[in-house]
Amino acid sequence: MKKTFLAALAATALLTLSACGGSSDSEGGGSASSSFSYKDDLGNQIDLDKAPERLLVQSSMAAALTDLGLGDKIVGTFGPLKTADGKPDSQVAGLDVSSVKDVTGGGEYGSIDLEGAAALKPDLVVTSAYLDDDLWYINDKSATALEKLAPILVVSFDGKTLPELLDGTERAAKALGADLESDKVTATHDAFKAAADRVKQVSADLGDRTILAGSAATDYYYVSNPKVSPDLSYWKDELGLPLTVPDNPDEGGYFESLSWEKADKYPADIFLYDDRIGEAGMQLFEKEKVFQTLDAAKNDAYVPWTSVAPPSYQAYADLMDRLADDLEKQK
């Protein structure tokens, strides 16, 4: 089931730790208006009597909207904010996690503290979807309840390239009042291009060296699929990063799950690890004997990869600059 898959994808790190200013049209607009009309990526038509000023936003999307100048409209978030050691999670880079009201619920994946959410009196809920209409960090039960408080606007990442994904976020942000022509926002596009050029040059310098992207959990070793992940796909197809493609991905296509006994199925000179796994996940890699036969493990050639990042040009410019820095050390 897709919902089960998404929960597994989002909870990989947790498994490890257990061992418009509105507009009258669908495109939105940056000028003030007495009403708000927007058709989101799932085809949902959202019509409000006035432009939403109180946004309840999934945490990664909240960081992206903050990058685009909408931070003052965000009254609450749900989803990851901090790592196990209390530091800001890489998924929310740029967001002041000490100042936001978190209404993430306890229990199963996608639960929302509905009483806390209601107290925030949101005009609109904003999240994303990685697969079809599976909402990120909102399960079906929570979605039904949230829709009684406010409409849910969804930015879909399903089947999109990285630039398309980032442009989709900006389309929604523009409808919510962001000024995409501001010097600050246009500078993020320039920074993204410059960082991409750096990764492209490093990719060429790596020659015939191979890179494997993946993650770890107590019982499974995950090999990520560059053909599905928008960032990995962009780096491989557009920037030439020599990423290995697994030949038997799981449902959803984002990764292939292997037992640790089969961790040598794909060779790797460099291992790009999902940074959500934290220190406990790195310890799993270090203790698994089969994984340690890979050249990447023998040479301590580990490079962190923020597999879930704020969907903004600024966030990915910063991410790719770090990636280029780390890969340059492996040449």
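Note that the structure is a prediction, hence the values are computed from the model and not measured. (Residues numbered from 1 in each chain as written. Predicted model: local features only at pLDDT ≥ 70, side-chain atom pairs only at ≥ 80, totals over all residues. Heavy atoms only, no water.)

**Overview of the overall build of the protein chain**
Stage number 1. Along its length, the protein chain carries 11 helices and 12 strands.
Stage number 2. Relative to its length of 331 residues, the protein chain is compact, with a C-alpha radius of gyration of 20 Å against a globular reference of 20 Å.
Stage number 3. By its C-alpha atoms, the protein chain is 60 × 40 × 35 Å across when sized along the principal axes.
Stage number 4. About 14300 Å² of surface is accessible on the protein chain, with carbon and sulfur atoms providing 47% of the total.
Stage number 5. For the protein chain, the centre of its 31 positive side-chain charges and the centre of its 56 negative side-chain charges are spaced 2 Å apart. (Helix = DSSP H or I, 4+ residues; strand = E, 2+ residues; numbered from the N terminus. Rg over C-alpha atoms; globule rule 2.2 N^0.38 Å. Areas by Shrake-Rupley, 256 points an atom, 1.4 Å probe, with all protein chains shown as cover. Lys, Arg positive; Asp, Glu negative; His and termini not counted. Charge placed at Lys NZ, Arg CZ, Asp CG, Glu CD.)

**Details of empty space enclosed by the protein**
Stage number 1. There is about 250 Å³ of room inside the largest cavity.
Stage number 2. Lining the largest cavity are 21 residues, and of these Ser229, Tyr254, Trp305, Ser307 and Val308 sit closest to its centre.
Stage number 3. Within the residue set of the lining of the largest cavity, elements represented by two or more residues are β9 (221-224) and α8 (230-238).
Stage number 4. A class-by-class count of the residues in the lining of the largest cavity yields 13 nonpolar, 5 polar and 3 charged.
Stage number 5. Here the lining of the largest cavity spans two domains, since at least three of its residues come from each of domain 1 (36-179) and domain 2 (186-330). (1 Å grid on protein atoms, 1.4 Å probe; cavity = no way out; pocket = protein on both sides within 12 Å on 5 of 7 lines; lining within 4 Å. Points joined across faces, edges and corners; volume = space filled by probe spheres on them. Nonpolar A, V, L, I, M, F, W, Y, C, P; charged D, E, K, R; others polar. Domains from an automatic or database assignment.)

**Considering unusual backbone geometry**
Both trends apply: most residues other than glycine have a negative phi, and most peptide bonds are in trans.
Stage number 1. Positioned with a positive phi, aspartate 132 is a non-glycine residue whose angle comes to about 45 degrees.
Stage number 2. Along the chain, aspartate 132 turns up in the loop between β5 (124-131) and β6 (134-135).

**Focus on the environment of alanine 217**
Stage number 1. With respect to the helices and strands, the residue alanine 217 is situated in the loop between β8 (211-216) and β9.
Stage number 2. On a C-alpha basis, the gap between alanine 217 and leucine 284 in space is 7.6 Å, while along the polypeptide they are 67 residues apart.

**Some remarks on the domain arrangement of the protein chain**
Stage number 1. The domain architecture assigned to the protein chain consists of domain 1 (36-179) and domain 2 (186-330).
Stage number 2. Using only C-alpha atoms to locate each centre, domain 1 and domain 2 end up separated by 26 Å.
Stage number 3. Listed by partner, the interface residues are 22 residues for domain 1 and 19 residues for domain 2.
Stage number 4. Together, the buried faces of domain 1 and domain 2 total about 1700 Å²; carbon and sulfur atoms form 68% of this surface.
Stage number 5. The interface formed by domain 1 and domain 2 includes 6 residue pairs in polar contact (both at pLDDT 80 or more).
Stage number 6. The set of elements that each furnish at least two residues to the side of domain 1 that touches domain 2 consists of α3 (59-67), β5 and α6 (162-175).
Stage number 7. For the side of domain 1 that touches domain 2, the leading source of residues is α6, giving 7 residues. (Contact = heavy atoms within 4.5 Å. Buried area = accessible area lost by both parts, 1.4 Å probe. Polar contact = N/O pair within 3.5 Å; in protein donor to acceptor, adjacent residues only side chain to side chain.)

**Details of helix α7 (residues 183-205)**
Stage number 1. Its 23 residues place the ends of α7 33 Å apart at the C-alpha level, agreeing with the 33 Å of an ideal helix rising 1.5 Å per residue.
Stage number 2. Buried within α7 we find Val185, Thr188, Phe192, Ala195, Ala196, Val199, Val202 and Ser203.
Stage number 3. In the core, the buried residues of α7 are packed alongside α6, α8 and α11 (313-328).
Stage number 4. At the C-terminal side of α7, glycine 207 shows a positive phi close to 65 degrees. (Expected span 1.5 Å × (residues − 1). Buried < 20%, exposed > 50% of the residue type's maximum accessible area, 1.4 Å probe, protein only.)

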